[in-house]
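Chain by chain, the residues:
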Amino acid sequence: METILNIKNITKKYGSLTAVKNLSFTIEKGHVYGILGPNGSGKSTTLGIVLNVVNKTEGEFSWFNGSVSTHEALKKVGAIIERPNFYPYMTAVQNLKLVCKIKGVSFNKIDEKLEIVGLLDRKDSKFSAFSLGMKQRLAIASALLNDPEILILDEPTNGLDPKGIHQIREIIKQIAVNGTTILLASHLLDEVEKVCSHVVVLRKGVKLYAGRVDAITSSHGFFEVQSNDDTEMIKLLENNPSFGDIKVQNNLVTAFLKEPMKSEDFNKLMFENNIILTHLVQRKESLEEQFLQLTDHQ
Ligand code: ADP
Ligand code: MG
């Protein structure tokens, strides 16, 4: 696993208000991460901090394992954290040429990136003639010009109509399929479910959950386990009707429950089958339940 970004115990205070509190998470290459939380939960502040546009109060973050300075690292990051802002009287391609000059990228990337966002046939239209969805897509093309390792988007579908929302989500998924890591902030559970593989849930600047999105679909929760013999353990779990999906990632086995089970019973079941657990965590609440709880408090 290649680490793109590591955030450790970040806190941001605006006077007496704590916008982000002791936040830690890691972004690994190749996944699509969502920062999910209601308005005011600290999503944009978090993105601003790692992009060096907001000063953190406490904590640390490092890009690419700290192999380069933040300034250098940010050259490998594509970010859209504001409303798309281009010259209205210039065409899409003229605007992108300007971005190429600023970023020191060759013009021959322009058509490729316009193609990705479905604007190649509108390259000679003025920015002012674009719908909000097209403006947002042009911003994505612009952020991709330097072939970033990671694309960061803040509420990428806000204000768009359903068709525009769908287009943006499909484009993000396609960019991810092509190997670019993605971090997006959203207040929409549905968006994160549809687009992201991993999620960090925030409420009032505090992390409630960080993990895979597919845990959302697990209504009885799941066990995260490691043992002295994972191969044997996985076989056992796959043949046990109490379990649905079994997933393995980073040597951690996640077994989703199809019916309730206590961790002590799980432990006993494994032990009776000669498997010694070295790690056992049970998560009972699905992400959906947690998210509903947090929106209740609004
Ligand atoms: P989100 O993006 O999740 O909606 P933000 O990160 O924008 O949340 O905001 C988190 C909290 O910090 C909110 O309470 C917001 O009002 C506050 N905040 C954000 N920016 C500033 C600022 N520049 N000055 C003071 N308070 C701010
Ligand atoms: Mg925001």
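Residues numbered from 1 in each chain as written. Chains lettered and ligands numbered in written order. Predicted model: local features only at pLDDT ≥ 70, side-chain atom pairs only at ≥ 80, totals over all residues. Heavy atoms only, no water.

**Describing helix α6 (residues 162–177)**
In a regular helix each residue adds 1.5 Å, so 16 residues correspond to 22 Å; α6 covers 23 Å between its end C-alpha atoms and thus fits that length. For α6, the set of buried residues is G164, I165, I168, R169, I171, I172, I175 and A176. Here the buried residues of α6 occupy an arc of 160 degrees about the axis, which is enough to place them on one side. Relative to its buried face, α6 has exposed residues pointing more than 90 degrees away, namely P162, K163 and V177. Contacts from the buried residues of α6 go to β3 (32–36), α4 (110–116), α5 (132–144), β6 (150–154), β7 (181–186) and α7 (189–195). A positive backbone phi angle near 105 degrees is found at G179, which sits one or two residues after α6. (Helix = DSSP H or I, 4+ residues; strand = E, 2+ residues; numbered from the N terminus. Expected span 1.5 Å × (residues − 1). Buried < 20%, exposed > 50% of the residue type's maximum accessible area, 1.4 Å probe, protein only. Arc of directions from axis to C-beta. Contact = heavy atoms within 4.5 Å.)

**Some thoughts on the domain arrangement of the protein chain**
Split by domain assignment, the protein chain resolves into domain 1 (3–216) and domain 2 (222–296). Each of domain 1 and domain 2 has a C-alpha centre, and these two points are 33 Å apart. (Domains from an automatic or database assignment.)

**Points about the nonpolar core**
If you look at the biggest cluster of nonpolar residues, it comprises 45 residues, and the most contacted ones within it are L138, I140, L151, L153 and I182. Sort the elements by how many residues they give to this core and α5 lands first, with 7 residues. Among the nonpolar cores identified, the runner-up in size contains 26 residues, and I7, I27, V54 and L202 belong to it. (Core = buried A, V, L, I, M, F, W, Y, C linked by side-chain atoms within 4.5 Å.)

**Regarding the packing of α5 against α6**
Packing of α5 against α6 leaves a shortest axis separation of 10 Å and a crossing angle of 15 degrees. With respect to α6, the element α5 is oriented roughly parallel. The crossing of α5 and α6 is right-handed. For the pair formed by α5 and α6, the contact residues are G133, Q136, R137, I140 and L144 on the first element and Q167, I168, I171 and I175 on the second. Looking at the contact of α5 with α6 residue by residue, the classes come out as 5 nonpolar, 3 polar and 1 charged. (Axes fitted to C-alpha atoms, helices over the stretch in contact; angles between N-to-C directions. Parallel < 35°, antiparallel > 145°, perpendicular 65-115°, else oblique. Left-handed = near helix turned anticlockwise from the far one by under 90°. Nonpolar A, V, L, I, M, F, W, Y, C, P; charged D, E, K, R; others polar.)

**Things to note about the site of ligand 1**
Close contacts around ligand 1 come from Y14, L17, A19, P38, N39, G40, S41, G42, K43, S44 and T45, and that covers them all. Within the side chain of K43, one N or O atom sits 2.8 Å away from an oxygen atom of ligand 1. Here S44 contributes a side-chain N or O atom positioned 2.8 Å from an oxygen atom of ligand 1. Against a free-state accessible area of 560 Å², the protein chains account for coverage of 58% of ligand 1. Of all the elements in the fold, those that place two or more residues in the shell around ligand 1 are β2 (17–28) and α1 (43–50). Here the shell around ligand 1 gets 3 residues from one element, more than from any other, and that element is α1. Here the residues of the shell around ligand 1 are counted per class, giving 4 nonpolar, 6 polar and 1 charged. (Near = heavy atom within 4 Å. Polar contact = N/O pair within 3.5 Å; in protein donor to acceptor, adjacent residues only side chain to side chain. Areas by Shrake-Rupley, 256 points an atom, 1.4 Å probe, with all protein chains shown as cover.)

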